[in-house]
Amino acid sequence: MIKSCMNKTFAAKYLFYLSAVLLFSCRAQKEIQKQQAVAKDCESLIELAHQSEFKFDWLSLKSNVEIESDGKTNGFKAFINIKKDSVIWISITPKALRIEGARVMLTKDSIFFMDKINKKYFTGTYDYIEKILQVEAEYQTFQQILLGNALEFEQDKIWCKTEEDKYYLSTIKKRKLRKAENKDKAKSDFVQALWLNADTYKIEKLKLLDLVKNQSLEATYSNFSDEGGQLITHQINITVESEKTANLGLEITKVTVNEPSNFSFRIPEKYEQITFQ
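Residues numbered from 1 in each chain as written. Predicted model: local features only at pLDDT ≥ 70, side-chain atom pairs only at ≥ 80, totals over all residues. Heavy atoms only, no water.

Chemist: Quick rundown of the pattern of salt bridges? Include the residues and the values.
Modeler: The final tally for this structure, using the stated rule, is six salt bridges. One salt bridge in this structure joins glutamate 100 and lysine 116, with 2.7 Å as the shortest N-O distance. You can see glutamate 100 sitting in the loop between β3 (87-94) and β4 (102-107) and its partner lysine 116 sitting in the loop between β5 (110-115) and β6 (120-125), a full 16 residues away along the chain. A salt bridge links lysine 207 to glutamate 218; its shortest N-O distance comes to 2.9 Å. Taken together, the residues lysine 207 in strand β10 (residues 203-210) and glutamate 218 in strand β11 (residues 215-227) connect sequence positions 11 residues apart. Judged by relative accessible area, glutamate 218 falls into the partly exposed class, the value being 26%. Salt bridges sharing partners connect three or more residues here, namely Glu100, Arg103 and Lys116. (Salt bridge = Lys/Arg side-chain N within 4 Å of Asp/Glu carboxyl O. Helix = DSSP H or I, 4+ residues; strand = E, 2+ residues; numbered from the N terminus. Buried < 20%, exposed > 50% of the residue type's maximum accessible area, 1.4 Å probe, protein only.)

Here's what the structure looks like:
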């Protein structure tokens, strides 16, 4: 059952999370063939998108991350351990330092962050983060977007069509989506859209648009490879537009599936707690 949930991540500040949960591997890469889309009903497309999701219990990933914002580019390596629907654990190593600089852990109800360079830490709930950042936050949405799995729709408000070698799914018609992007009034305050590959039904493009806050997120997924009979993306590019624009590029270099992982997160007593006013 699919309900609307895609409005949980916007704002460039969420790149803190997005830079974390960056997934997948680099084995023999598979070029997905371009196949002409054949007309299907929206309900069938949603079901096919869910069937194409990458399924796992445990996932360990190595990735190269690059963030561009305010004219500056920063790169780092991210090591990610995930227990499905439970924990996302990330170790971040800036390329300039070559030592672990930060550690992040997301659970179903809490967020933990440790700055190992400046010896500071933060712990809090998603409710607290929502209050500070003025955007909704939820573990499940972070996990789905960053895995390139199907996001959730409200079934009675879906519009779909074929577009050459892709299927398009949205909460409003594409004509209104274009108007929304131009900041004209549309029927919905929040727009969500997916473009699915016509052969594999994997998400190749995701677009989220908040008409009230004038915030948007666009993610593209490419360089898919076969991992145990399932397709997984090796390249994710995310653009977040709010008061500023930020770009996030994720290159996945290694993936290990269904081997239990370590979620070590011990905060030293001498570390200073980070608080937000």
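Chemist: How would you summarise helix α4 (residues 139-147) if you had to cite specific residues and measurements?
Modeler: Burial analysis of α4 places eight of its nine residues in the buried class, the great majority of the element. Taken together, the buried positions of α4 are occupied by Tyr139, Thr141, Phe142, Gln143, Gln144, Ile145, Leu146 and Leu147. A positive backbone phi angle near 70° is found at glycine 148, which sits one or two residues after α4.

Chemist: Help me get a handle on the state of the cysteines, residues and values and all.
Modeler: For the coordinates displayed, the defined rule picks out one disulfide. Residue cysteine 42 pairs covalently with cysteine 160 via a disulfide, S to S 2.0 Å. One disulfide, between cysteine 42 and cysteine 160, carries an S-S torsion of -100° and so falls in the left-handed class. Of this pair, cysteine 42 sits in helix α2 (residues 42-51) while cysteine 160 sits in strand β7 (residues 159-163), and the two are 118 residues apart along the sequence. Both residues of the pair, cysteine 42 and cysteine 160, belong to the buried class. (Disulfide = S-S within 2.5 Å.)

Chemist: Break down the pairing of β5 for me, with residues and values.
Modeler: For β4 and β5, the ladder comprises five bridges, and the chain directions are antiparallel. Note that in β5 the partner of alanine 102 across the bridge is aspartate 115. The loop that links β4 with its antiparallel partner β5 comprises two residues. Where β5 and β6 come together, six bridges link them in antiparallel fashion. Paired with aspartate 115 across the two strands is lysine 120, which belongs to β6. Hairpin connection from β5 to β6: four residues lie between these consecutive antiparallel strands, with lysine 119 at a positive phi of about 55°. (Pairing = 2+ DSSP bridges.)

Chemist: Talk me through the nonpolar core; I want residue IDs and the actual numbers.
Modeler: The tendency in soluble globular proteins is for nonpolar side chains to be buried side by side. If you look at the biggest cluster of nonpolar residues, it comprises 54 residues, and the most contacted ones within it are Leu59, Ile82, Leu106, Leu169, Leu206, Tyr221 and Ile238. Within the second largest apolar cluster, seven residues are counted, among which are Trp89, Met105, Tyr121 and Tyr271. (Core = buried A, V, L, I, M, F, W, Y, C linked by side-chain atoms within 4.5 Å.)

Chemist: Please set out the environment of arginine 103 residue by residue, giving values where relevant.
Modeler: Looking at the element boundaries, arginine 103 is found in strand β4. By relative accessible area, which is 14% here, arginine 103 ends up buried. Taking the C-alpha atoms as reference, arginine 103 lies 7.6 Å from tryptophan 89; in sequence the two are 14 residues apart. If we ignore the near neighbours within four places in the chain, the residues touching arginine 103 are Trp89, Ile90, Phe112, Phe113, Met114, Lys116, Ser264 and Phe265. At 3.2 Å, the side chain of arginine 103 forms a polar contact with the backbone oxygen of serine 264. (Contact = heavy atoms within 4.5 Å. Polar contact = N/O pair within 3.5 Å; in protein donor to acceptor, adjacent residues only side chain to side chain.)

Fair warning: the whole summary comes from geometry, so function is off the table for now.
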